[in-house]
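Spelled out, the chains give:
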Amino acid sequence: MIIAIDGTLASGKGTIARRLCRYFGLPYMDTGRLYRATGVAATKQGTDFEDAMALADVARTLDLDDFDEEELRTAEAGQAASKVAAVPEVRAALLELQRAFSKQAKGAVLDGRDIGTVVCPDADVKLWVDANVETRAERRWKELREKGDTLSLSEMIAQLKERDERDKNRKDAPMVAAADAVLIDTTHLSIDAAVDKARAAVEAAIASKL
Ligand code: C5P
């Protein structure tokens, strides 16, 4: 069973993914972490963000154990991630890793921006998770503020809009819902209600195969 979960930043897709993994006993890959790690490593190494081959090298030689979770979750890491994610050579370097993960015997849950469209186009279930930009910005703003970040809410809204635009408009693997994805709008949903919807979609897919 491969479950592909795509959607916008702070839409709740990561929480839904982790809860589905626990419920269905599947391994989980947060593919945004790969792009965040590439962006952070490139920044630390002083890599030229215009140099596609150098960025791809950074992606290919990543050791994910080199990063602590805190440094990957900052707003700067997210911005760097979305810049390197627009480089086709970086995407190509990270693609096989994601595909190999999805092909485990049990299956897997992967979340990102292009899982249902590019990484796992034959996934058993595809979900597209979204919410309006103000709601998403407020969620992420509260989360970062608790960690001491001083960004204002209006700056956060502006950052999210910039990230959404870059992710939607890049040429290679743009962020878009797969035609056969089940849509979950979390703007007015609690996380439990969103997870219930996601679980129902997976159970419907399982039932359709019986
Ligand atoms: O989901 P997260 O915020 O961690 O993703 C960070 C960035 O990585 C996204 O804004 C997007 O540019 C990129 N990304 C991607 N494809 C994926 C996962 C993440 O382009 N499958």
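Residues numbered from 1 in each chain as written. Predicted model: local features only at pLDDT ≥ 70, side-chain atom pairs only at ≥ 80, totals over all residues. Heavy atoms only, no water.

Draft legend 1. Layout of helix α2 (residues 31-45). Compared with the 21 Å implied by 1.5 Å per residue over 15 residues, the 22 Å span of α2 between its first and last C-alpha is a close match. Most of α2 is tucked away, with eleven of its 15 residues classed as buried. Buried residues of α2: T31, R33, L34, Y35, R36, A37, T38, G39, V40, A41 and A42, and no others. Downstream of α2 by one or two residues, G46 has phi in the positive range, about 70 degrees. (Helix = DSSP H or I, 4+ residues; strand = E, 2+ residues; numbered from the N terminus. Expected span 1.5 Å × (residues − 1). Buried < 20%, exposed > 50% of the residue type's maximum accessible area, 1.4 Å probe, protein only.)

Draft legend 2. Main features of the site of the ligand. Lining the immediate environment of the ligand, one finds 17 residues, of which R36, R91, R113, D114 and D167 sit closest. The contact in question runs from an oxygen atom of the ligand to an N or O atom on the side chain of R36, over 2.6 Å. Within the contact set of the ligand, an oxygen atom lies 2.6 Å away from a side-chain nitrogen or oxygen of D167. In the complex, 98% of the free accessible area of the ligand, which totals 460 Å², lies under the protein chains. Among the cavities detected, the one that contains the ligand is the largest pocket. A per-element tally of the shell around the ligand places α2 first, with four residues. (Near = heavy atom within 4 Å. Polar contact = N/O pair within 3.5 Å; in protein donor to acceptor, adjacent residues only side chain to side chain. Areas by Shrake-Rupley, 256 points an atom, 1.4 Å probe, with all protein chains shown as cover. 1 Å grid on protein atoms, 1.4 Å probe; cavity = no way out; pocket = protein on both sides within 12 Å on 5 of 7 lines; lining within 4 Å. Sits in = over half its atoms within 2 Å of the grid points.)

Draft legend 3. Here's a closer look at the packing of helix α5 (residues 75-84) against helix α9 (residues 153-169). Interaxial distance between α5 and α9 falls to 10 Å at its minimum, and their mutual angle equals 20 degrees. By the angle between their axes, α5 is roughly parallel relative to α9. As α5 runs across α9, the sense of the crossing is left-handed. In this structure, α5 contributes A75, G78, Q79, S82 and K83 to the contact, and α9 contributes Q159, E162, R163, R166 and D167. Classifying every residue of the contact of α5 with α9 gives one nonpolar, four polar and five charged. (Axes fitted to C-alpha atoms, helices over the stretch in contact; angles between N-to-C directions. Parallel < 35°, antiparallel > 145°, perpendicular 65-115°, else oblique. Left-handed = near helix turned anticlockwise from the far one by under 90°. Contact = heavy atoms within 4.5 Å. Nonpolar A, V, L, I, M, F, W, Y, C, P; charged D, E, K, R; others polar.)

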